[in-house]
Structures are given as structure tokens and as C-alpha cells.
Amino acid sequence: MAEQHTTMLSLRGLTRRFGGLTAVDAVDLDLAKGELISIIGPNGAGKTTLFNLVTGLDRPDAGTVHFEGQDITGLSPERLAAEGIARTFQLGRVFGNLSVMDNVLIGAHTRLRAVKPAVPLIGPLLELGLALLRPASVKAEEERLREEVKAILARFGERLLPRIDQPAYSLSYANRRRVEIARALALKPRLLLLDEPTAGMNPTETAEMQGLVAELKGEGLTILLIEHKLEMVMRLSDRVIVMDEGKKIAEGPGEQVRKDPKVIEAYLGHGLTTEQESAA
Amino acid sequence: MSSWLDYTINGLIVGNVYALVAVGLALIFGVSRLINFAQGSIYLVGAYIGWVAVVQLHTPLPLTIILVAAAAALVGLIIERFGLRPLQNSVRIAPLLATIGISFVLDQLVMLTFSPNPRALPSQLPDVRFQIGGGTIGPLDLLIAGVGITSALLLFVFLRYSKLGWAVRATAQDRDAAMQMGVDVNRVNQAVFGIAAALGGVSGLLVGMYYNQIDTAMSLQATLKGVVAEVVGGAGNVPGAVIGSLLLGLVESYGVAVFGTSYRNLFAFLLLVVVLVLRPNGLFASARQAPPEPLTGTFIAPSRPVRIPRWVLLVATGIFAVLPFFPVSFYVLQTLINAWLLGMLALSLTLVAGTIGQVSLGHAALLAIGAYTSALLSLTFAVPVGLAIIGGGLMSAALGTALISPSFRLRGHYVSIATLAIGEIVSLVILNWESVTRGPIGISGIPPLSLFGYELVSPISIYWFSFIVMVVLALLQGRLLGSHLGRSFRAIRDDDIAARAYGLSLNRYKSLAFIFGGFAAGVSGGIAAHLYSYINHETFNTQQSILALTVVILGGLGNVVGAILGAVALVGLPEVFRIAAEYRILIYGIVLLLLVRFRPQGLLGTM
């Protein structure tokens, strides 16, 4: 494939069927390095299924996924995490009984080196041994990652830092979403997929989240965003992709997409004036 | 040729009996996503009620069947109302554990009422055989086939044409939607438990008549066979359960024909493991369908563990360490030695069931592997006992992990079923692999514990030895939990999908948990072998697996201190209260039920 170096993610004809329903229908997409693309569309349009296909939690029935020019179609989620793809989940899948610190440390799992030697066959046993013995290199790695987690949590102001040792199940809904994003950042992702990061957040919290995503984009992170809050989508996105019934029905800069009659019919059927309220 | 027809008929008849159990399991799984481990106990109750009716009341056959069905249904309704309904909103693990507890309580009650000795249950039908083709068939065969077919037809009519039957099917498809449409889900549950219990009870009666013998060991076997048939047919799939049962009956019958009677169960459990691994949704489900299982994360009760100050632990360890210096009786030491051995097993199980969330019901198999390895190493190869025990631990870690690995891709209740089956397989292999394990005779004359050439024969030295080994294992496990592995294990337990998305390989970490846990269990089994000096395939049985699970839940899942506390409590308290041995398992069952109902997070909380 004649991929350009700047193309991070490239989907071709990606398709997933559930029985008679085609949840994702021949979707093409190209995401350049440092770009932020938002995927919008009514509920059930196939956005989350598309995320699952890209991150390996589901396998496509047809089509390909390329990441930095490499075919990653159908690879396991573990492999893709190691490749630098991180995601958050729509319904918030934090590890309930783990502390905030431990949740975010799991995000850094693929970056563990000292404690996880890449030796074939006996690697897992060495990992067990190193975890029990904890030589200086392992301790130093753990310490460094803990400091890093604190730095990541500090990006959320005073939302998470005071709760760093609390179990995640005791957090508010919004804070769980923040923990998810912190966990994704701990992976040092090259591609970040955010599935409705502001779901269930009030306007102040949404504005905070929008600020954070803008910051991440400013730092050069490549982001694929599913979001229902159109104002946020318009402000952040380089391009917007609209999905309906599994198909990509429009693509382009936000201003252009919002005027597309197909989009208005499928998604914004009730007119653009209500876009602020469409935050649901 | 003719004998093949006989084996086929026998297989179909036995399959019919399994079907009566399996259909009940499928109905219950359908509406409440629960594998009812108490189904075999109801079958047992049915058999004994049948015995009372036939032998003492001399009821005619139709009345016997009606009586058994009604009484069993009543037991089913009681289980549903008082055992399971209070748990409707609790964690997913609660009803599973409750049915295990109920099963132990029912079995023990039957055993205490009727004594554990087998009884003859005479068939009330004339003993004649009809020739068909090259084989023969008796009136009892026809009765079993008739009851099976009639029940299937009645059930079909009920589910298809009655209003309550519609409600059952609606609830099975989508419980929440059914509730919103005004279906009384409690009534549906009642109906399903009543029907399942009636079928199970009648099945027990028929099996008792078929073999002309009933005993209390029937219960677990029936549950296991029913679960195998149900899972083979696809959990929750009622017609699938019937076909699965017939298939299981045939596989067993042909297996017996070729290899002999002692292989009967081995075939059943191998069939289960093969189906679970290749087609976890049963033979009739489409391959890519999501399994009808609870998502993880809700499986274990969230709680804040009780923090015990370090000095309290140090003081407690110190007290137990110097205990033999005080004038305590050998009886107390003996009891505590048992507690330390159980503590090691509980450490192993709390890591596997609690920390990484794989609720194993076959953990005694790891004891057995460790015990046999250590015994054979010291007997056959004259390996010093201390090294042999470590060898037992390593063998348990390696072989146990390899055997359990087929269950790594399963989730939730399926893990429990698979580990239960794998545990049974280990015990059956020990029974049948005579050239190595000496088969049913067992291994006797195992050398006593010794260390660096000194025999440990005094209770004090055995006490110290087992205590020190347990403390070392506990410290190691504590250290493990504090490492990135502890964090990774718990993440996999809480949400395996999110864990995978962050690069945690389930196979790798489940293996590591079983390797570590297998070592502790194997060491415990190894020490036990040298203490007992005689072991056989029944020394380490399912009751011990369940006892260990009760200990672990009592202490708090994943909780290292809790596992030891639970072991001391469950071994010690019956001694303190001088409870007779035959009541102990009853007490354990009741403890399990009370815990699940009132303190699912255990004494010290889930870690």
C-alpha cells in the first residue's frame, strides 16, 4: 500500500454484520498524524462497533485496518495496545475494586520493561520471579510510573488527585470517565480513541473535558472522537465524519458537514438551532 | 451386534434420565442465568421420597410418581423463595454460591435422616424383558422413556400455549423487557423452579428404580451430569438440553462398552471440557454469538478491605509461633495443623478465585496432584521428603495450570463448571491410571515428614513445620499482590475486556495465577500425604474444594489474612463447640448460605 508517512490510521471497506443487521457498512477513513476526527451520528449508527473493530475487540467481516502502514486487521486487543492504540469505553469500564492510582497504572502496562523481560517461553516465569524479588530496576520503574500517573492525574486539576487511593467504584460517574482517559494517556498512545468522553457530564465538566482534549491535540496526539455534543465537535475537529445505519454518509470540515442535507435529514432532523440541547 | 443395540438402548434410557435433570437446569438458566448446583440434591430428595413411598407407604406406581413430583416441586419452591429470591439484587456470584450451599445442606439433611448407607429402591414393575431386534427392553425402560417423552410434551405445551409459559419464554429472552411489560418475574422464577424440581425429583426416583439402589453420593453426580448435558446442548436451550442428554447417555454407554465401567464419568467430563473449549455456547449455538454470561466487574462484591495494622499481624504470628511452648494439648496442635494445611489451600484458592476471579470448584485436584507427586517421589525415587514436597508443589503448578488452561477462555459460571469437571477428571485419572497411581488401592506407607534427615514425628515439630510453610507462602503471596502482577490480576477480574484493551494477556496472567496458586496447593497436598501416610483417589474430593471455597469467602475473596483467618475459624470452631463430624458439612453449608446472604464480602473484605 502506498501509505503516506503522515497517515496514522486507514480503514478500507470495513464491514461488520450482526445477523441481518450491518452495523458497520463498508466504511473508509483516513486519519493523518496529529489530526482529530470526530465521528457523529444517531444512536445505533455503528460508531462504537467501528471503535471495537479498530481496537481488536471485534473482528470485521470484510475490509482492512492499517495503522502506520501496517495491516492490523483482526489483531488482538493486547497486540494493538502494545502498538500504541488506546481507547476509552462508552459505558465507562474502570476496574471497580482498583484504586485510581492502580487503574491508571494498568494503562502503563504495555510500557513495563524492567519487570517484563521480552524473553520467549520463560518470559512469564521471569516476570513472576521479578515481581516477587523486585530488584532495584523494577522498583525504579514502578516509582517512575507512579510519578507519571500523578502528573497525568494533575491534568484533571483537583478532580482525581485527592481520590488517588480510593477504589474506582466509589467515584462519581464523571470521575470514572476521567480515570478512563487518564488510563488511556498512561499508555502514551500514538492513537487515542475517545468514546463519548463527556457523556453524563454537566456543562462545566464538559468544558473542562473539551479543554483537555484540545490540549492533547495541541500536543500532537492523533485522536478519533465519538461525541454527541456538537459544539465540542465543531470546536475540536479537523474533520467530521457522519455515520448513519452503519454507513459513512458525510465527511468534511464541521461547517460543511453541518450544512449537508443528508446529515440534516439523518441526524440533525430537528434543525440546527437546537444543537446546544442535543447534548444528551 | 446385539450387544450394541443393548448399549444404544441403555444409552438412550440413561440419556432420558439426564434429560429430566438437564431440562430443569436449562429452564432455570434461561430465566435467571444461573447454573443451579442444587439440582442434584433435589434429585436425591426425590429418590428418598420415592423410597419412603414405595417401601414404607406401599403406594402404587402412579401415585409414587405424583407424590415425588409434588414433594420435589415444594422443595424447589422453598429454595427459590428463601434461598435465591433475597439475592436478586446482589452480585452475580451470590446465587451460584447459594445453590452450592443449599446443595450441601440438602445432601447432609438427607444423609442425617436416612444414614449414608445405600438403600434398595425396588422397581414396582414386573421384571420381564421383551426381545426387540437383537436386544432386550424391560418395562422400566419403557416407563423411563414414557416419562421423558410425556414431560417433554407437557413442557412444550406449557411453554407454547399457557400464559405463564409465555411469560417464562419472555423472561428468558429479556428479563428487563419482560418486567417492564408487566410480567411477574418472581412468579416466573417460582414456576421454573417448581417444574425443574419436579422433573429432577422424578428423575431421581426413576434412576433409583433403574439401578435398584439409592445413596447420598447420587446428588453431586446428578448435578454434574445434568450440567454436562445442559452445557453440551447450550446453556438455557431446553430442546438442546434434551439432545445433549441423549448424546451424553450414548457417549457414556459406548465408552463403557469399549473401555469398562470405571471410565463412564471420564467420558462425560471430557465431553464437557471439549464442548466448553470448542463451542462454549453449546453444540447448537452459532459460533460468533456472544455467550449468555454476565459481564465481569459485577461478579464479585465490591468492598473496602478491613485494614489490619502490621503489629497485630506480627503479634498474632508470634503467639501462634510460640504456642507449643505453652501447655496446650496435642489435640489443639493437631487441630491447628489441619488449619494450617487448609490455610495453604485457601491461600491458593483466594488468589485464583478472589484475586483473578476464576471461581474454581475443583481445587482439591491440585492437592491431589501435589500429594501423589510427593508420595511417589519419596517412595519410588527415594527423594528426601522436603524436596519431594517442593516437587509436589512444582508439579501441581505445572500440571494443574496445564489442565485448567482450557478454561482460561471461559467466563463467570462456566469457569466454575469447567474447573469442577477438570477436578473430577483428575480424580478419575488417578483411579484408572493404575501403573502410576496404583489405582483404587491407593498409596500406603508414605514416609513421614522429614527435614535434612531428621524425621518430624512429634506434633510440635509438625506444627512448626506446617505453620512456617504457611507463613512463608502467605508472605510471598502478599508480596505478589503488592507487585504489578497483583494489580494486573485484579484488573482482569474486574473487567477482562478493558484489561485486554490495555495489553493484559488473559492466558499469561491466568497461567501465572494458577502457577503460583498451584504451588501453594501442591505443597499443602504434599505435606498432607506424608502426614496421612496413606492416600487414594478419594482423599482429596469435591467436599474439600467446597470447604476451601467457603473458607475463602468467609475471609474475603483475594484476602491473604482472611484466607488464614477463615481456615482457623472453619477448622477451629467446630472443635471448640465439639460438633460431631457428621454435622460439620451441614454447618459449612449453612455458613456459606449466611455469608452469601448477609456478608458477601466476607469478614475482612474483598481485596
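A quick note: this is a predicted structure, and the numbers were derived from the prediction, not measured. (Residues numbered from 1 in each chain as written. Chains lettered and ligands numbered in written order. Predicted model: local features only at pLDDT ≥ 70, side-chain atom pairs only at ≥ 80, totals over all residues.)

Focus on the overall build of chain B
Link 1 in the chain: Assigned secondary structure in chain B consists of 24 helices and six strands.
Link 2 in the chain: The C-alpha radius of gyration of chain B comes to 24 Å, within 12% of the 25 Å expected for a compact globule of 607 residues.
Link 3 in the chain: Overall, the C-alpha framework of chain B stretches about 70 × 55 × 45 Å when taken along its three principal axes.
Link 4 in the chain: Per-residue burial for chain B yields a buried fraction of 55% across its 607 residues.
Link 5 in the chain: Within chain B, residue pairs in contact and separated by at least 24 positions form 80% of the contacts whose partners lie at least 6 positions apart. (Helix = DSSP H or I, 4+ residues; strand = E, 2+ residues; numbered from the N terminus. Rg over C-alpha atoms; globule rule 2.2 N^0.38 Å. Buried ≥ 20, exposed ≤ 12 C-beta atoms within 10 Å, placed from the backbone. Contact = placed C-beta atoms within 7 Å.)

Brief notes about the interface of chain A and chain B
Link 1 in the chain: Contacts between chain A and chain B engage 31 residues on the former and 29 residues on the latter.
Link 2 in the chain: Broken down by secondary-structure element, the contributors of at least two residues to the side of chain A that touches chain B are helix H2 (77-83), helix H3 (100-107) and helix H4 (123-133) of chain A.
Link 3 in the chain: Taken together, the residues that form the side of chain A that touches chain B break down as 18 nonpolar, six polar and seven charged. (Nonpolar A, V, L, I, M, F, W, Y, C, P; charged D, E, K, R; others polar.)

So, the packing of helix H14 (residues 364-380) of chain B against helix H21 (residues 506-532) of chain B
Residues and elements named next belong to chain B.
Link 1 in the chain: At a closest axis distance of 7 Å, the pairing of H14 and H21 adopts a crossing angle of 55 degrees. When the axis of H14 is compared with that of H21, the two are oblique. Note that H14 runs across H21; the crossing there is right-handed. From H14, Leu366, Leu367, Ala368, Ile369, Gly370, Ala371, Ser374 and Ala375 reach across to H21, where they touch Gly518, Ala521, Gly522, Val523, Ser524, Gly525, Gly526, Ala528, Ala529 and His530.
Link 2 in the chain: Residues that form the contact of H14 with H21 fall into these classes: 10 nonpolar, eight polar and no charged. (Axes fitted to C-alpha atoms, helices over the stretch in contact; angles between N-to-C directions. Parallel < 35°, antiparallel > 145°, perpendicular 65-115°, else oblique. Left-handed = near helix turned anticlockwise from the far one by under 90°.)

What about the domain arrangement of chain B?
Residue and element names in this part refer to chain B.
Link 1 in the chain: Splitting chain B by domain gives domain 1 (2-268) and domain 2 (310-598).
Link 2 in the chain: If you average the C-alpha positions of domain 1 and of domain 2, the two centres end up 33 Å apart.
Link 3 in the chain: Counting residues at the interface gives 24 residues for domain 1, matched by 24 residues for domain 2.
Link 4 in the chain: Elements that contribute at least two residues to the side of domain 1 that touches domain 2 include exactly helix H4 (93-114), helix H9 (218-233) and helix H11 (264-278).
Link 5 in the chain: Counting residues per element, the side of domain 1 that touches domain 2 draws most heavily on H4, which supplies 12 residues.
Link 6 in the chain: A breakdown of the residues in the side of domain 1 that touches domain 2 according to their chemical character gives 19 nonpolar, four polar and one charged. (Domains from an automatic or database assignment.)

A short note on the sheet that holds strand E7 (residues 191-195) of chain A
All names here are of chain A.
Link 1 in the chain: Spatial strand order, E6-E7-E8-E3-E9-E10: six strands in an open sheet with mixed pairing. Either end of the sheet is taken by a strand with one partner, and the two such strands are strand E6 (85-87) and strand E10 (247-252). With direction set aside, neighbouring strand axes in the sheet form an average angle of 15 degrees.
Link 2 in the chain: In this structure, strand E9 (residues 239-244) lies alongside E10, joined through five bridges in antiparallel fashion. Bridge pairing links valine 242 to alanine 250 in E10.
Link 3 in the chain: Its contacts with the sheet put helix H1 (residues 47-55) on strand E3 (36-40), E6, E7, strand E8 (222-226) and E9, and the angle it makes with E7 is roughly 150 degrees. (Pairing = 2+ DSSP bridges.)

Things to note about the environment of Gly442(B)
Residue and element names in this part refer to chain B.
Link 1 in the chain: Mapped onto the elements of the fold, glycine 442 is located in the loop between helix H17 (434-437) and strand E3 (443-444).
Link 2 in the chain: A count of 18 C-beta atoms within 10 Å places glycine 442 in the partly exposed class.
Link 3 in the chain: Counting along the chain gives 416 residues from glycine 442 to alanine 26, while the straight-line C-alpha distance between them is 38 Å.
Link 4 in the chain: Beyond its immediate stretch of four places on either side in the chain, glycine 442 contacts Tyr534, Ile535 and Asn536.

Here's the deal with the pairing of strand E2 (residues 21-32) of chain A
All names here are of chain A.
Link 1 in the chain: Looking at chain direction, strand E1 (residues 7-18) and E2 are connected through eight bridges and run antiparallel. Bridge pairing in E2 places phenylalanine 18 opposite leucine 21.
Link 2 in the chain: The hairpin turn running from E1 into E2, its antiparallel successor, is two residues long, and glycine 19 in that turn takes a positive phi close to 60 degrees.

With respect to the sheet that holds E1(A)
Residues and elements named next belong to chain A.
Link 1 in the chain: Reading across the sheet, the four strands line up as E2-E1-E4-E5 and stay open at both edges, with antiparallel pairing between neighbours. Taken across any chain shown, the strands that pair with only one partner, and hence form the sheet edges, are E2 and strand E5 (70-71).
Link 2 in the chain: Strands E1, E2 and strand E4 (62-67) of the sheet are contacted by H1, whose axis makes an angle of about 65 degrees with E2.

A word on the nonpolar core
Residues and elements named next belong to chain B.
Link 1 in the chain: In terms of nonpolar packing, the biggest core is built from 278 residues, with Val228 and Met344 touching the most fellow members.
Link 2 in the chain: Considering each element in turn, this core owes the most residues, 15 residues, to helix H1 (residues 2-32).
Link 3 in the chain: Inspection of this core shows a minimum of three residues originating in each of domain 1 (2-268) and domain 2 (310-598).
Link 4 in the chain: For methionine 344, the contacting residues outside a window of four places in its chain are Val469, Met470, Leu473, Ala520, Ala521, Val523 and Ser524. (Core = buried A, V, L, I, M, F, W, Y, C linked by C-beta atoms within 7 Å.)

Some remarks on H14(B)
All names here are of chain B.
Link 1 in the chain: Its 17 residues place the ends of H14 24 Å apart at the C-alpha level, agreeing with the 24 Å of an ideal helix rising 1.5 Å per residue.
Link 2 in the chain: Within H14, 15 of the 17 residues are buried, leaving the element largely enclosed by the surrounding structure.
Link 3 in the chain: Once H14 ends, the next one or two residues include alanine 382, with phi positive near 55 degrees. (Expected span 1.5 Å × (residues − 1).)

Describing the environment of Ser450(B)
Residues and elements named next belong to chain B.
Link 1 in the chain: By the secondary structure assignment, serine 450 is in strand E4 (residues 450-451).
Link 2 in the chain: On the basis of neighbour counts, which here come to 18 C-beta atoms within 10 Å, the residue serine 450 falls in the partly exposed class.
Link 3 in the chain: A sequence separation of 64 residues divides serine 450 from glycine 386, and the C-alpha atoms of the two residues are 6.4 Å apart.
Link 4 in the chain: Among residues more than four places away in sequence, those in contact with serine 450 are Pro384, Val385, Gly386, Glu455 and Leu456.

Some remarks on the pairing of E3(A)
Along a regular strand, successive side chains alternate from one face of the sheet to the other.
Residue and element names in this part refer to chain A.
Link 1 in the chain: Counting buried positions along E3 yields five of five residues, so the element is predominantly enclosed.
Link 2 in the chain: In terms of strand pairing, E3 meets E8 through four bridges, oriented parallel. In the strand pairing of E8, isoleucine 39 is matched with isoleucine 226.
Link 3 in the chain: As paired strands, E3 and E9 are joined by four bridges and run parallel to one another. From the neighbouring strand, isoleucine 39 faces E9, where its bridge partner is isoleucine 241.

Digging into the packing of H14(B) against helix H15 (residues 385-404) of chain B
Residue and element names in this part refer to chain B.
Link 1 in the chain: Between H14 and H15, the least distance of the axes is 7 Å, while the angle of their chain directions is 140 degrees. Looking at the two axes, H14 sits oblique to H15. Between H14 and H15 lies a crossing of right-handed hand. Between H14 and H15, the residues in contact are Ala365, Leu366, Ile369, Gly370, Ala371, Thr373, Ser374, Leu377 and Ser378 and Val385, Ala388, Ile389, Gly391, Gly392, Gly393, Met395, Ser396, Leu399 and Gly400, respectively.
Link 2 in the chain: Split into classes, the residues belonging to the contact of H14 with H15 amount to 10 nonpolar, nine polar and no charged.

Quick word on unusual backbone geometry
Leave glycine aside and you will find that most residues have negative phi; peptide bonds, for their part, are mostly trans.
Link 1 in the chain: Look at Glu245(A): it is not a glycine, yet its phi comes out positive at around 50 degrees.
Link 2 in the chain: Mapped onto the elements, Glu245(A) comes out in the loop between E9 and E10.

Some details on the environment of Ile404(B)
Residues and elements named next belong to chain B.
Link 1 in the chain: Tracing the sequence through the fold places isoleucine 404 in helix H15.
Link 2 in the chain: A sequence separation of 106 residues divides isoleucine 404 from lysine 510, and the C-alpha atoms of the two residues are 9.7 Å apart.
Link 3 in the chain: Ignoring anything within four residues of it in the chain, the contact list for isoleucine 404 reads Thr419, Ile422 and Phe514.

Some details on the confidence of the model for chain B
Residues and elements named next belong to chain B.
Link 1 in the chain: Mean pLDDT over chain B: 89, with 97% of residues reaching 70 or higher.
Link 2 in the chain: Note on residues 287-298: pLDDT is under 50 here. Beyond four places in sequence and across chains, it has 25 contacts.
Link 3 in the chain: Confidence metrics for the complex model read pTM 0.90 and ipTM 0.91. (pLDDT = per-residue confidence, 0-100.)

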